[in-house]
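# Structural description and commentary
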Amino acid sequence: MCSPLRKKLPDFPWDALAPYGVKARKHPGGMIDLSQGTPVDPTPEFIQKVLAESANSPSYPTTAGTPDLQEAIRTWATSHLGITGEFDVLPLIGSKELVAWLPTFLQSQVVLYPRVAYPTYLVGAMLAQAQEIAVDIDAASWPKADLAWVNSPANPTGRVHTDAEYRAVIDWSRKNHSVVISDECYLEFGDGVTPTSIFNYTDGDNTNILAVHSLSKRSSLAGYRAAFMVGDPALIAAIREIRKHAGMMVALPVQKAMTQALKDDAHVAQARARYNARRATLTPALIAAGFRIDDSVAGLYLWCTRNEDAWASVDWLAELGILATPGTFYGPDGASHIRIAMTATDAAIADAASRINAAIKG
Ligand SMILES: Cc1ncc(COP(=O)(O)O)c(C=O)c1O
């Protein structure tokens, strides 16, 4: 018997892309996979070393995280988010875990999420059996709800919130006494801009405001499952209590690796430079092929359109052995865009640009 919940959830979108993967793999040069935003650059060696040295780990880890990890997150949040006032922190098994389960933890009834967005916001609302409403960026237009997601820099668009947009979000939260959770997992990856955290705008009153951060992209740690949340101490205390029951502790060797990773900015600067250089390599080739690049000023992606059906663009690139993601994965408003991830080696990105340039020269 198929579970009613399984029937309610959308089909896993990546399955629909599989035939284009088959086509792309037939290219004589092999497939260049720019679809999933999964890092390919090695985990920095100093982080690997901490993990390996922590391999002897017979005891259970705590949900709250080691005192060292909590301190590292607090210090990082103060210096990188500009957070002031009372706040608490909580380690997570990747930010996807929180995105999928936060509405359940908070027993949210109505959940707002961006119209073009990471699909798990919708899935999380469905798991909680909440009403889900896709909204525009401007929070002045939002209906009442008990929980709202914002995402800046955004996946898939690479768009960054302005000061005024953040202030409107906070006004909405204060007016409605509603929780806002800001997904900031690409915060350190600006390209000519410096993305800001929601905590720049709370003036030290963090009531009902949360942010989630991830080390998956920042530190090439996606395989470790390492993330954390920051914000309203009362909300974090409540979520910590639920997670203590639910068994979602971060593995102790991973907690130790996270602690050291958060103390170092040099490897993040290198990652940012690498991703931005790849974006600079691919952008002119895509423009020459008739694509318009929208937003894409931060994060890991190029959000492009040729004003055609997204699947037609995906198919054209698959002929060249390049796999991209149709914008439809991120909501109906993405129907004529594709998302191209910078998560391939420099050589593969250069190869992709050459294949596109060769194709348009005919
Ligand atoms: C906007 C956004 N939030 C959350 C995640 C989940 O990341 P992770 O679970 O690796 O921390 C992703 C992953 O791509 C994402 O794009």
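Everything quoted here is computed from the prediction, not taken from an experiment. (Residues numbered from 1 in each chain as written. Predicted model: local features only at pLDDT ≥ 70, side-chain atom pairs only at ≥ 80, totals over all residues.)

### So, the pairing of strand β3 (residues 110-114)
The buried count for β3 comes to 4 of 5 residues, which makes it a mostly enclosed element. Read as a crossover between parallel neighbours, the route from β3 over helix α6 (residues 120-127) to strand β4 (residues 131-135) is right-handed. Bridge count for β3 against strand β5 (residues 147-151) is 2 bridges, and the pairing is parallel. Bridging from a neighbouring strand, L112 pairs with A148 of β5. (Buried ≥ 20, exposed ≤ 12 C-beta atoms within 10 Å, placed from the backbone. Helix = DSSP H or I, 4+ residues; strand = E, 2+ residues; numbered from the N terminus. Right-handed = clockwise from strand over helix to strand, strands pointing away. Pairing = 2+ DSSP bridges.)

### Some remarks on the site of the ligand
The ligand sits among 14 residues. The nearest are G94, S95, K96, S214 and S216. For the shell around the ligand, the leading source of residues is helix α5 (residues 95-105), giving 3 residues. Considering only residue class, the shell around the ligand consists of 5 nonpolar, 7 polar and 2 charged. (Near = placed C-beta within 6 Å. Nonpolar A, V, L, I, M, F, W, Y, C, P; charged D, E, K, R; others polar.)

### Some remarks on the sheet that holds strand β2 (residues 88-92)
Ordered in space as β2-β8-β7-β6-β5-β3-β4, the 7 strands form an open sheet in which the pairing is mixed. Across the chains shown, the open sheet's two edge strands, defined by having one partner strand only, are β2 and β4. The sheet shows a mean angle of 20° between the axes of neighbouring strands, taken without regard to direction. Pairing geometry for β3 and β4, over 5 bridges, is parallel. (Axes fitted to C-alpha atoms, helices over the stretch in contact; angles between N-to-C directions.)

### Looking at the domain arrangement of the chain
Domain annotation of the chain identifies domain 1 (4-42 + 267-361) and domain 2 (58-262). The C-alpha-based centres of domain 1 and domain 2 are spaced at 26 Å. Counting residues at the interface gives 31 residues for domain 1, matched by 29 residues for domain 2. If you list the elements that add at least two residues to the side of domain 1 that touches domain 2, you get α10 (266-288) and β10 (301-305). Per-element accounting of the side of domain 1 that touches domain 2 gives the leading share, 7 residues, to α10. Residues belonging to the side of domain 1 that touches domain 2 are distributed by class as follows: 14 nonpolar, 9 polar and 8 charged. (Domains from an automatic or database assignment. Contact = placed C-beta atoms within 7 Å.)

### Some details on the pairing of β2
Of all 5 residues in β2, 5 are buried; the element is thus mostly enclosed. Here β2 shows no split at all, with D88, L90 and L92 on one side and V89 and P91 on the other all buried. In this structure, β2 lies alongside strand β8 (residues 227-231), joined through 5 bridges in antiparallel fashion. In the strand pairing of β8, L90 is matched with M229.

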